[in-house]
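# Fold and geometry: a report
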Amino acid sequence: SLSVQLPGDAEANAEGALSIGGEGAYFSGDVSIRGNKTSELVSWLNEGSVPHIFSEQPLEKVAAKASVFLTPARVSLDKLFIDLDGGLISGQLATSFEERPQVEVALDIEKIALPTDNLPVVGKIVPGRPVDLGFDGNVAFNVAALDAGPVHLESVSLKLEANDTD
């Protein structure tokens, strides 16, 4: 097991096994992170810059845990649970580390608030015209409550299949 203190009054823990298999070395186990100053942690992870969404809607407390499978080629998070200032997210996600990543995401989100200027991809979507999101795979979100600027939506489901547009 490993425990690390991080900026933002945060602590990360990992408990599991390092092994060698068909994809090389891999880690399989449980990880968690808990912090009281999320913006400081995000700034450290982004080498000193805080993404605009965190300056518009600063988050304080974060707690997350998941079962992790990590290889040099991919990462999978199962039994994922995230609490961002009381906004609860659960589900699973997986991605590869290829030039064009393969992504699989299924998340249930209790509530989320997004400033509309932090949704640049929405402006690129034109009905009937393909948009390259930079990855291939499937993304599914079920959101109980969504606030985007002046718009409030309840019981929102988004299912997206992304493929190379070439």
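One can find the structure itself at the top, above this paragraph.
Residues numbered from 1 in each chain as written. Predicted model: local features only at pLDDT ≥ 70, side-chain atom pairs only at ≥ 80, totals over all residues. Heavy atoms only, no water.

## Quick word on the side chain of S76
Stated precisely, the cut-off is as follows: Secondary structure elements follow DSSP: runs of H or I no shorter than four residues count as helices, runs of E no shorter than two count as strands, and numbering proceeds from the N terminus. Burial status follows relative accessibility: with a 1.4 Å probe on protein chains alone, a residue under 20% of its type maximum counts as buried, one over 50% as exposed, and anything between as partly exposed.
Mapped onto the elements, S76 comes out in strand 5 (residues 74-84). Owing to a relative accessible area of 13%, S76 belongs among the buried residues under this scheme.

## Quick notes on a negative patch on the surface
Operational definition: Each patch is assembled from residues with relative accessible area greater than 30% and no salt bridge, linking like charges that lie within 9 Å and nonpolar side chains (Val, Leu, Ile, Met, Phe, Trp, Tyr) that lie within 5 Å. Accessible surface area values rest on a Shrake-Rupley calculation with a 1.4 Å probe, where residue burial reflects the displayed protein chains alone. Salt bridge, as used here: a side-chain nitrogen of Lys or Arg that lies within 4 Å of a carboxyl oxygen of Asp or Glu. Counted as positive: Lys and Arg. Counted as negative: Asp and Glu. His and the chain ends are not counted at all. Every charge is mapped onto a representative atom, which is NZ of Lys, CZ of Arg, CG of Asp or CD of Glu.
A cluster of acidic residues, D9, E40, E60 and D85, forms a negative patch on the protein surface. Looking at where D85 falls in the secondary structure, it is placed in the loop between strand 5 and strand 6 (87-96).

## Here's the deal with the pairing of strand 4 (residues 62-70)
For clarity, the cut-off: When DSSP finds at least two bridges between two strands, those strands are taken to pair.
Examined bridge by bridge, strand 3 (residues 24-35) and strand 4 share 9 bridges and lie antiparallel to one another. When the sheet's bridge partners are listed, G35 is paired in strand 4 with V62. Taking the residues that link successive antiparallel strands as the turn, the strand 4-strand 5 hairpin has 3 residues.

## Notes on the pattern of salt bridges
Tallied over the full model, the rule gives 1 salt bridge. When the shortest N-O distance is used, the salt bridge between D136 and R100 registers 2.9 Å. Highlighted residues: D136 in strand 8 (residues 136-148) and R100 in the loop between strand 6 and strand 7 (102-114), separated in sequence by 36 residues.

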